[in-house]
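This is what each chain is made of:
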Amino acid sequence: MTGRPLIGVSTYLEAGARWGAWELEAALLPAGYPRLVQRAGGLAALLPPDAPEHAAATVARLDGLVIAGGPDVEPVRYGAERDPRTGPPARARDAWELALVDAALAAGLPLLGICRGMQLLNVALGGTLVQHIDGHAQVPGVFGRHEVKPVPGTRYAETVPEETSVPTFHHQAVDRLGAGLLASAHASDGTIEAVELPAERGWVLGVQWHPEMGEDLRVMASLITAASAR
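For the structure given in this document, a descriptive report is provided here. (Residues numbered from 1 in each chain as written. Predicted model: local features only at pLDDT ≥ 70, side-chain atom pairs only at ≥ 80, totals over all residues. Heavy atoms only, no water.)

1. Observations concerning the overall build of the protein chain
Moving on, step 1. Helices and strands together make up the secondary structure of the protein chain, namely 6 helices and 13 strands.
Moving on, step 2. Radius of gyration (C-alpha) of the protein chain: 17 Å, near the 17 Å computed for a compact globule of 230 residues.
Moving on, step 3. Considering only C-alpha atoms, the protein chain reaches an extent of 50 × 50 × 35 Å along its principal axes.
Moving on, step 4. Burial status across the protein chain gives 52% buried among its 230 residues.
Moving on, step 5. Contacts spanning at least 24 positions in sequence make up 68% of the contacts within the protein chain whose residues lie at least 6 apart.
Moving on, step 6. Put simply, the protein chain shows about 10,500 Å² of open surface, and 54% of that area lies on carbon and sulfur atoms.
Moving on, step 7. Positive and negative charge centroids in the protein chain, built from 18 and 26 side chains respectively, lie 3 Å apart. (Helix = DSSP H or I, 4+ residues; strand = E, 2+ residues; numbered from the N terminus. Rg over C-alpha atoms; globule rule 2.2 N^0.38 Å. Buried < 20%, exposed > 50% of the residue type's maximum accessible area, 1.4 Å probe, protein only. Contact = heavy atoms within 4.5 Å. Areas by Shrake-Rupley, 256 points an atom, 1.4 Å probe, with all protein chains shown as cover. Lys, Arg positive; Asp, Glu negative; His and termini not counted. Charge placed at Lys NZ, Arg CZ, Asp CG, Glu CD.)

Laid out in structure tokens, this is it:
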């Protein structure tokens, strides 16, 4: 292909969004996501929630897909009882984004999951989540930082070979890995911080942190390169 690849980024609905004189339901996405896509050389297309049956047609128009961060995945999706510390369900978003993930995997579309997006990728492939961990989300509404160490021989390690400090805010994490997924980075406490599928399954990566809140473009640039190669 020529030109910049088109990268879809999932968004979410908020009932009481306010701007100017208006207070209406809105499809929202923090600006860091499209800016990261643009800075890394892609065109960003924002994907509002839709009926799951439209996921394959949506994916067919894209060169790459990003599943953005957000609320906790409903535990019923991975066969668990709800922990009291798990947030309220976002059932329509879960259904839409799981359908996007499934469609992207079926089509071989380059796929990046960020925070919730990584957890959703794991759940889509039959994995489970730890519903609460301490130390990865300190002050509500404020991103923290911690070190992430790559696993040698993985795609992530090829992209970011050194240990790095990353922006982070999450209280859940991957427990049992989904079918075919490999852990490709860890925090110092052993938390899985990145997952990926083997190269023969295409470009599929999930990161537990928020690259859109930092200056390191390498993960997104790798997605853009894979999207361009299609």
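2. Focus on helix α6 (residues 218–229)
Moving on, step 1. Over its 12 residues, α6 runs 16 Å from end to end, which matches the ideal 16 Å to within 8%, given 1.5 Å per residue.
Moving on, step 2. Looking only at α6, the buried set comprises Val-219, Met-220, Ser-222, Leu-223, Ile-224, Ala-226 and Ala-227.
Moving on, step 3. Against β1 (6–10), α1 (32–39), β5 (64–67), β6 (111–114), α5 (155–159) and β13 (204–207) lie the buried residues of α6. (Expected span 1.5 Å × (residues − 1).)

3. Here we look at a nonpolar patch on the surface
Moving on, step 1. A grouping of Trp-19, Trp-22 and Leu-24 is seen on the molecular surface, where their side chains present a nonpolar patch of about 350 Å² in accessible area.
Moving on, step 2. Within the element layout of this structure, Trp-19 appears in strand β2 (residues 12–19). (Patch = residues over 30% accessible without salt bridge, like charges linked within 9 Å, V, L, I, M, F, W, Y side chains within 5 Å. Salt bridge = Lys/Arg side-chain N within 4 Å of Asp/Glu carboxyl O.)

4. Some points on helix α4 (residues 116–124)
Moving on, step 1. In terms of burial, α4 is largely enclosed, as 8 of its 9 residues are buried.
Moving on, step 2. Every buried residue of α4 is listed here: Arg-116, Gly-117, Met-118, Gln-119, Leu-120, Leu-121, Asn-122 and Val-123.
Moving on, step 3. Of the residues one or two after α4, Gly-126 is the one with positive phi, at around 90 degrees.

5. Concerning the packing of aromatic side chains
Aromatic ring pairs are reported here in terms of the distance separating the ring centres and the angle at which the planes meet.
Moving on, step 1. Going through the model one piece at a time under the given rule, you end up with 2 aromatic pairs.
Moving on, step 2. An angle of 70 degrees between the planes, with centres 6.3 Å apart, marks the rings of Phe-143 and Phe-169 as edge-to-face. With a gap of 26 residues between them, Phe-143 in the loop between β7 (129–130) and β8 (144–150) and Phe-169 in the loop between β9 (164–168) and β10 (173–174) connect regions that are remote in the sequence.
Moving on, step 3. Centroid distance Tyr-156 to Trp-209: 5.5 Å. Interplanar angle 65 degrees. Geometry classified as edge-to-face. Of the two residues, Tyr-156 sits in helix α5 while Trp-209 sits in the loop between β13 and α6, which places them 53 residues apart along the sequence.
Moving on, step 4. For Tyr-156, a relative accessible area of 1% translates into the label buried.
Moving on, step 5. With relative accessibility at 4%, the residue Trp-209 sits in the buried group. (Phe/Tyr/Trp six-rings, centres within 6.5 Å; stacked < 30°, edge-to-face > 60°.)

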